[in-house]
Amino acid sequence: MIECREIYKNYGAIKVLKGISLTIGKGETFAIIGPNGAGKTTLFKVITGESRANSGSIRLEGEDITNVSASARVTRGFGRTFQVARILAGNTVLENLIIAIEARQRNQGVKPSWWRLGPAPDVVDEARVLARRIAMADKLGLSASFLSHGDRKRLEMGMTLALKPRVLMMDEPTAGMSPSDRHDIVNVIKRLRDEEGLTIMLTEHDMDVVSDLSDRVMVMNYGETVATGSMEEIRANTAVREIYLGEE
Ligand code: ATP
């Protein structure tokens, strides 16, 4: 689904990514882990197109998207969430989801009916289905400003899903969450993976979350790949234990 080859990225004289290559299969959940400053977020941004690599190539289902803009990558199927959830705090959960669905429709060239006040019934129905997918069906009428951090993140995930992505990219989806919020979001992601077969890429610090969700894990350190494999393989890898876990 995604193939990155020999990605290099410099910030001035600092070499942040030094030849990263990875492949993510369709329906796979792929996690990038590593110590602070390893380059995870930079790699994430290079893949979403927010940041340009100095060299290397990125393919989505075989298509070279290395020089495609971030917004055009969204149209091609990249959905992403941010470390701080991007939602409209002044609107309800339902309204946020409706706004995201209508944005997708506009991108697809669907024109809103000028005579209708409010959203079309099929958009409202779709928003309700989306709310169930993110386990927020009981919070539709709540203002987003009153949501917990975890609920905001799930709402943002719903708004991203409204765009019907082929790949869901999440930068630290559980950062700063309470244990119960973390539990809820992990369950939602698991369902997307298991029942919908969505391809998911995430960066994450919480090893329990990584272990729970990921088919494969890539460990980065100082802009390089230390190891890639299943969580069991990663746990058993001596280089990972030394470099990442700080063990002798
Ligand atoms: P964390 O887990 O703390 O989020 P990370 O693995 O995501 O870390 P990055 O945020 O990708 O790491 O940063 C990697 C390195 O690149 C760091 O040394 C950081 O200071 C540097 N860096 C990141 N963004 C920029 C930038 N815009 N300009 C200059 N240096 C940057």
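Since this is a predicted model, take the numbers as computed values, not measurements.

Calculation rules
- Residues numbered from 1 in each chain as written.
- Predicted model: local features only at pLDDT ≥ 70, side-chain atom pairs only at ≥ 80, totals over all residues.
- Heavy atoms only, no water.
- Pairing = 2+ DSSP bridges.
- Helix = DSSP H or I, 4+ residues; strand = E, 2+ residues; numbered from the N terminus.
- Contact = heavy atoms within 4.5 Å.
- Axes fitted to C-alpha atoms, helices over the stretch in contact; angles between N-to-C directions.
- Near = heavy atom within 4 Å.
- Polar contact = N/O pair within 3.5 Å; in protein donor to acceptor, adjacent residues only side chain to side chain.
- Areas by Shrake-Rupley, 256 points an atom, 1.4 Å probe, with all protein chains shown as cover.
- Salt bridge = Lys/Arg side-chain N within 4 Å of Asp/Glu carboxyl O.
- Buried < 20%, exposed > 50% of the residue type's maximum accessible area, 1.4 Å probe, protein only.
- Core = buried A, V, L, I, M, F, W, Y, C linked by side-chain atoms within 4.5 Å.

Draft legend 1. Expanded view of the sheet that holds strand β4 (residues 55–60). Strand order in the open sheet formed by 4 strands is β2-β1-β4-β5, with antiparallel pairing between adjacent strands. Strands with a single pairing partner mark the edges of an open sheet, and in this sheet they are β2 (14–24) and β5 (63–64). Both β4 and β5 contribute to a ladder of 2 bridges, which runs antiparallel. Bridge pairing links R59 to D64 in β5. Where helix α1 (residues 40–48) meets the sheet, it contacts β1 (2–11), β2 and β4, and its direction lies at approximately 60° from that of β2.

Draft legend 2. The site of the ligand, seen in detail. What surrounds the ligand is the set Y11, V16, P35, N36, G37, A38, G39, K40, T41, T42, E172 and H205. With respect to the ligand, the backbone of G37 contributes an N or O atom lying 2.8 Å from an oxygen atom. Within the side chain of K40, an N or O atom sits 2.7 Å from an oxygen atom of the ligand. Out of a free accessible area of 640 Å², the ligand has 59% covered by protein chains. Looking at the shell around the ligand element by element, the count peaks at 3 residues for α1.

Draft legend 3. Quick peek at the pattern of salt bridges. Tallied over the entire structure, the rule returns 14 salt bridges. The salt bridge involving R166 is made with E61; its shortest N-O contact spans 2.0 Å. On the criterion of sequence distance, the pair formed by R166 in the loop between α5 (149–161) and β7 (167–171) and E61 in the loop between β4 and β5 is long-range, its members being 105 residues apart. Note on R166: relative accessible area 32%, which makes it partly exposed. For R104, the salt bridge is made with E126, and the minimal N-O distance between the two is 2.6 Å. You can see R104 sitting in helix α3 (residues 93–107) and its partner E126 sitting in helix α4 (residues 121–133), a full 22 residues away along the chain. Overlapping salt bridges, with partners in common, bring together K139, D151, R154 and D184 in one network.

Draft legend 4. Up close: the nonpolar core. By size, the foremost hydrophobic cluster in this structure holds 45 residues, and its most contacted members are L97, L155, M157, L168, L192 and I200. Broken down by element, the residue count for this core peaks at 6 residues, all from α3. Excluding anything up to four places from it in sequence, I200 contacts E28, T29, F30, L168, M170, I189, L192 and R193. Within the second largest apolar cluster, 25 residues are counted, among which are I20, I32, I58 and V68.

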